[in-house]
Amino acid sequence: MIKSDVDILIIGAGPAGLAAAVYAARAGRSVVVLEKALMGGQVATIDRVDNYPGYQDGVDGMSLASNMVQQAKRFGAKIEFGTVTGLENDGNTVRVHRDSGMAITARAVLIATGSSYRHLNIPGEKEYVHYCATCDGTLYQSKNLVTVGGANTAVQEALYLSGIASHITMLVRSYIKADDILKDKLKEKVEAGKIEVLEGWRPTEIMGNDGAVTGVKVANTNGETKYIPTDGIFVFAGMAPNTDFLKNTAIKLDVDGRIIADNYLTTMPNVYVAGDVRSGAVRQIVTAAGEGAAAMTKINHFLDRTEA
Amino acid sequence: MDQKTQTLQPVIIYSTNWCAYCKMAKQYLDGKYVPNIEKNIEEDADAHNELMEKTNGNFRGVPVIDIAGDIILGFDRRKIDEALNKHGYSHDE
């Protein structure tokens, strides 16, 4: 019998990790899910999810996330807060190190750490930028806002903020790359004078005074610059994979920092990956959940084969 | 909950309606049996003003957590744990 603290350790309690936890627990495995910050992952911060099957009228992200957590718990998955600092293969098990200094061993590990908001790395960002419209948007009732980004999330969040703020200026590095349904809604807001879209412009510095934002310096692709006065700035510039904790491990990453895998198995034996953090992933909520289920099915087969 | 914990003032979590990290902070404190209250700055103007005073107007978003006078910005488990230990709240990890 291979000795370990748990059969399966899942790192990350987003849709991939939680779907995997359901499949692990239902297969009778002992499973622990460690989450660094937000149970349910980034989904929990989205005000509305309209493309997840089963919710014909859409669902708010917090409810969807909470339902996923409760569902995994119902089958016996243990879900707790914990930050992983590294991991190594001990032969038949994987030793996972936590920031508390404690380690936990598992026969198989699933990395489902997803991604976090990408930062701009410009002056003033650390002091003044918001990344969560549903958290902090309410502070800008009837104020002017600048948003950064032009993909689906950026448009959806700008639309959400336009219901609170009096005016939004969207800075879009290239052009709007959102689904048609979102583009149509955006067009309505632009025509109503609630949102202005500046394509080809990016922020270069965020200015403030006494803890409050005063404006944003911006530049375009022709090298022109200007200053936009504003009361607040929200950045939705895409996501960066959460793989910093893997830097000194045998797990290979692609050029964007995402985990390279063959059929969900990483380059470290006994360690699998699912969801947005996997190189090549589609990065949707529904595909993350699907990957979690598929990866856990692989893990269950692997554990069946190696059962003592 | 031990006797000592019961005599401590509750931790205050300043939140808004749709702040997932605020809900996480509350779950985290509940999980440690730390007495806490949530103050919604979106619905409670007094709570909003109180928070602005505590942060000297230098406020960048919720949650803001007040642990016996130590102000923590965001759901930062390490800083929360340090403040809980410093002020003698129960800590089960």
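Preceding block: the structure.
Residues numbered from 1 in each chain as written. Chains lettered and ligands numbered in written order. Predicted model: local features only at pLDDT ≥ 70, side-chain atom pairs only at ≥ 80, totals over all residues. Heavy atoms only, no water.

**Student:** Can you break down the overall build of chain A residue by residue, with the values?
**Tutor:** Helix and strand counts for chain A stand at seven helices and 17 strands. Relative to a compact globule of 308 residues, whose C-alpha radius of gyration would be 19 Å, chain A shows 21 Å and is just as compact. Its C-alpha atoms give chain A principal-axis dimensions of about 65 × 40 × 35 Å. Across the 308 residues in chain A, those meeting the buried criterion constitute 53%. Roughly 14000 Å² of accessible area belongs to chain A as shown, and the carbon and sulfur atoms make up 47% of that amount. The centroid of the 31 positive side-chain charges in chain A is displaced by 4 Å from the centroid of its 34 negative side-chain charges. (Helix = DSSP H or I, 4+ residues; strand = E, 2+ residues; numbered from the N terminus. Rg over C-alpha atoms; globule rule 2.2 N^0.38 Å. Buried < 20%, exposed > 50% of the residue type's maximum accessible area, 1.4 Å probe, protein only. Areas by Shrake-Rupley, 256 points an atom, 1.4 Å probe, with all protein chains shown as cover. Lys, Arg positive; Asp, Glu negative; His and termini not counted. Charge placed at Lys NZ, Arg CZ, Asp CG, Glu CD.)

**Student:** Can you tell me about the interface of chain A and chain B, naming the residues and giving the values?
**Tutor:** Residue-level contacts link 25 residues of chain A with 21 residues of chain B. In this assembly, chain A and chain B are joined by zero salt bridges. Linking chain A with chain B are five residue pairs in polar contact (both at pLDDT 80 or more). Only α3 (125-128) and α4 (133-136) of chain A provide two or more residues apiece to the side of chain A that touches chain B. Here the side of chain A that touches chain B gets three residues from one element, more than from any other, and that element is α4(A). Its residues assigned to classes, the side of chain A that touches chain B comprises 12 nonpolar, eight polar and five charged. (Contact = heavy atoms within 4.5 Å. Salt bridge = Lys/Arg side-chain N within 4 Å of Asp/Glu carboxyl O. Polar contact = N/O pair within 3.5 Å; in protein donor to acceptor, adjacent residues only side chain to side chain. Nonpolar A, V, L, I, M, F, W, Y, C, P; charged D, E, K, R; others polar.)

**Student:** Now, about the nonpolar core: what can you tell me, with residues and values included?
**Tutor:** Note on soluble globular proteins: their nonpolar side chains tend to be buried together. Judged by nonpolar contacts, the single largest core of 61 residues is most densely connected at A:I10, A:I79, A:L110, B:I67 and B:I80. Discounting chain neighbours no more than four positions away, the residues touching B:I80 are B:Y28, B:L29, B:I65, B:I67, B:I72 and B:F75. The next biggest cluster of nonpolar side chains, apart from the first, holds 21 residues, and it includes A:L34, A:L87, A:F245 and A:L246. (Core = buried A, V, L, I, M, F, W, Y, C linked by side-chain atoms within 4.5 Å.)

**Student:** Explain the pairing of strand β4 (residues 70-73) of chain B to me, and be specific about the residues and the numbers.
**Tutor:** Residue and element names in this part refer to chain B. In this structure, strand β3 (residues 64-67) lies alongside β4, joined through four bridges in antiparallel fashion. Residue pairing across strands places I65 opposite I72, the latter belonging to β4. The hairpin turn running from β3 into β4, its antiparallel successor, is two residues long, and A68 in that turn takes a positive phi close to 50°. (Pairing = 2+ DSSP bridges.)

**Student:** A description of the sheet that holds strand β8 (residues 129-130) of chain A should follow, citing residues and the corresponding values.
**Tutor:** Strand-to-strand pairing in sheets goes through backbone hydrogen bonds, with the strands running parallel or antiparallel. Residues and elements named next belong to chain A. Judged by pairing direction, the sheet is parallel, and its five strands sit side by side in the order β8-β15-β9-β10-β11 without closing on themselves. Of all the strands in the sheet, the pair left with one neighbour each is β8 and β11 (195-199). Strand contacts of helix α5 (residues 152-162): β9 (144-148), β10 (167-172), β11 and β15 (232-235), with the helix running at about 165° to β10, the strand carrying the most contacts. Taken strand by strand, helix α6 (residues 180-191) contacts β10 and β11, and its axis lies near 110° from that of β11. (Axes fitted to C-alpha atoms, helices over the stretch in contact; angles between N-to-C directions.)

**Student:** Which residues make up the pairing of β15(A), and what values do they have?
**Tutor:** Residues and elements named next belong to chain A. The two faces of β15 match: G232 and F234 on one face and I233 and V235 on the other face are all buried. Sheet topology places β8 next to β15; two bridges connect them, and they run parallel. Looking at the pairing, H130 lines up with F234 of β15. As judged from the four bridges shared by β9 and β15, these two strands associate in the parallel manner. Bridge pairing in β15 links L145 to G232.

**Student:** Explain the sheet that holds β4(B) residue by residue, including any values.
**Tutor:** Residue and element names in this part refer to chain B. Spatial strand order, β2-β1-β3-β4: four strands in an open sheet with mixed pairing. Both edges of this open sheet fall to β2 (36-40) and β4, since each of them pairs with a single strand only. In this sheet, neighbouring strand axes are inclined to one another by 20° on average, regardless of whether the strands run parallel or antiparallel. Examined bridge by bridge, strand β1 (residues 11-15) and β3 share three bridges and lie antiparallel to one another.

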